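# Results of the structural survey
Below, each chain spelled out in residue letters.
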Amino acid sequence: PARSSCANPEVDTRRNPDDTAGIVRGGRVKILLVSSNMAETPYAVYPLGMSMVAAALKRDGHEVVLFDYLQQGQSLDAVRETVRRVRPELVGLSIRNIDNVNLLNEQRYIDSVRQIVQAVRQETAVKIVLGGSGFSVMPGPVLEATGADYGVAGEGERFFCQFVAEAAAGRYPAERILYAPPQLQGAGIPSAHYEPELLEFYLKSGHMASVQTKRGCEHGCVYCTYPLLEGRVIREREPAAVVDDMETLVHRHQAKYIFFTDSVFNDNRGRYRAVVEEMRRRNLRTPWTAFFKPSPELDDGIVATMRETGLQAAEIGSDAPADATLRGIGKDFTFAQIDQCNSLFLKHDVATAHYFMFGCPGETPETVLEGISNLKRLQKTAI
């Protein structure tokens, strides 16, 4: 789709003559946020992005109610009942995935999102605004397929809050899609609002609570959407705020395992070390895991410290099993470095897992055989 004129920090609020009157509550708006995710494989995942938007809205003084489609048994009746009970003045709908990325058992989710939109429409005429990573990767087609009113592509916290503020005064954007640039950093990236009942559901389902330490990805893997969604510049949260979130999850919600949702936890410049040091300073030893990449920056000292703070498992973003195909997908390491990374974690009693793809750019019959031989070299790991 053509890019919106709203690709800047301010929402274009030219009045759309077809829009309804404004929301009259002195600027305070009742908002229903709906997580449409229905994927449970490999495990159910707490709707962190929606909860961070909820935190930003609450900070602006709005009344926010969270509804999770998966928690509610994927029931459209539950959607309708919630809309009748809450009587929202605006609905935000988060889309996590387009499909399940499984060619042998493909599931596409946009039809279900359209059904959720229709269920909301049966109960109310208020505006429905889409967001989330699944929306942001292809906003135009998703908006048209679902029949929602508007969408925020990219970081939702600031733009959606501005949208709500303008809607409260009866002003709506001329463009249906608002493109939010990746601009939040430090304290501007909010802690998530961890809804107790919703979090309890996910702790029982997947046993892990999610925390984000930074946004952005500085790597150039050819298949990955992280740079599109979060930008190519890393923007860290304050380490103290990250560990505050961990302590809240552990002490208030009895979380037993933390998952860091960063695209890659160990950035090349080692800024993740500040989070690890803050965890050690507070003597926090709750089990945790994250995505890692093979890197010369990883050494005995930092892996030992991470193990001390509770690191139990490392998901290593290896992705291709031969040097030629690693280059083909834009990786900046070799298979020998993958092997070394795996051994480093195992040395410190950290379990490892790798995901590999065959058929990458540069693949030949010879690289397939080389890749199989390489995989056999990896010791004591899940592949």
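Preceding this paragraph is the structure being described.
Treat the numbers as computed from the prediction; the structure is a model and nothing was measured.

With that settled, the discussion passes to the nonpolar core. In terms of nonpolar packing, the biggest core is built from 66 residues, with Leu33, Phe160, Phe260, Trp288, Met306 and Phe345 touching the most fellow members. Apart from residues lying up to four places away in sequence, Phe345 is in contact with Phe292, Leu298, Val303, Met306, Leu311, Ala314, Ile316, Val350 and Thr352. Grouped together as the second largest cluster of nonpolar side chains are 30 residues, Val79, Leu93, Val120 and Ile177 included.

The subject of this paragraph is the pairing of strand 2 (residues 63–68). Where strand 1 (residues 30–35) meets strand 2, 6 bridges bridge the pair, whose relative direction is parallel. The residue bridging Ile31 from the neighbouring strand is Val64, located in strand 2. Handedness of the β-α-β unit built from strand 1, helix 1 (residues 48–59) and strand 2 comes out right-handed.

The next subject is the environment of Leu378. Positionally, Leu378 belongs in the segment after helix 14 (365–377). Here Leu378 falls in the buried class, since its relative accessible area comes to 7%. The contacts of Leu378, once residues within four sequence positions are left out, are Phe335, Ile338, Asp339, Asn342, His354, Phe356 and Ile383.

What follows is about the pairing of strand 12 (residues 311–319). Direction of pairing for strand 11 (residues 288–292) relative to strand 12: parallel, over a ladder of 5 bridges. Looking at the pairing, Trp288 lines up with Leu311 of strand 12. Note on the crossover from strand 11 through helix 11 (residues 300–308) to strand 12: the handedness is right-handed. For strand 12 and strand 13 (residues 351–356), the ladder comprises 5 bridges, and the chain directions are parallel. Paired with Asp319 across the strands is Phe356, a residue of strand 13.

By the element assignment, Asn37 lies in the loop between strand 1 and helix 1. Within polar-contact distance, the side chain of Asn37 engages the backbone nitrogen of Ala39 at 3.2 Å.

A separate point is the packing of aromatic side chains. Overall, the coordinates contain 16 aromatic pairs when judged by the stated rule. Between Trp288 and Phe292, the aromatic rings sit 6.5 Å apart at their centres with planes inclined by 35°, giving tilted as the arrangement. In this structure, Trp288 and Phe292 share a single accessibility class: buried. The rings of Phe260, Phe265, Tyr272, Trp288, Phe292 and Phe345 are connected pair by pair, giving a single aromatic cluster. We note Lys127 situated over the ring of Tyr172; from NZ or CZ to the ring centre the distance is 5.8 Å.

Together, Val137, Met138 and Leu228 make up a nonpolar patch on the protein surface, roughly 250 Å² of accessible area in all. Tracing the chain through its elements places Leu228 in helix 8 (residues 226–230). We classify Leu228 as exposed; its relative accessible area is 56%.

Cut-offs and rules
Residues numbered from 1 in each chain as written. Predicted model: local features only at pLDDT ≥ 70, side-chain atom pairs only at ≥ 80, totals over all residues. Heavy atoms only, no water. Core = buried A, V, L, I, M, F, W, Y, C linked by side-chain atoms within 4.5 Å. Buried < 20%, exposed > 50% of the residue type's maximum accessible area, 1.4 Å probe, protein only. Contact = heavy atoms within 4.5 Å. Pairing = 2+ DSSP bridges. Helix = DSSP H or I, 4+ residues; strand = E, 2+ residues; numbered from the N terminus. Right-handed = clockwise from strand over helix to strand, strands pointing away. Polar contact = N/O pair within 3.5 Å; in protein donor to acceptor, adjacent residues only side chain to side chain. Phe/Tyr/Trp six-rings, centres within 6.5 Å; stacked < 30°, edge-to-face > 60°. Lys NZ or Arg CZ within 6 Å of the ring centre and 35° of its normal. Patch = residues over 30% accessible without salt bridge, like charges linked within 9 Å, V, L, I, M, F, W, Y side chains within 5 Å. Areas by Shrake-Rupley, 256 points an atom, 1.4 Å probe, with all protein chains shown as cover. Salt bridge = Lys/Arg side-chain N within 4 Å of Asp/Glu carboxyl O.

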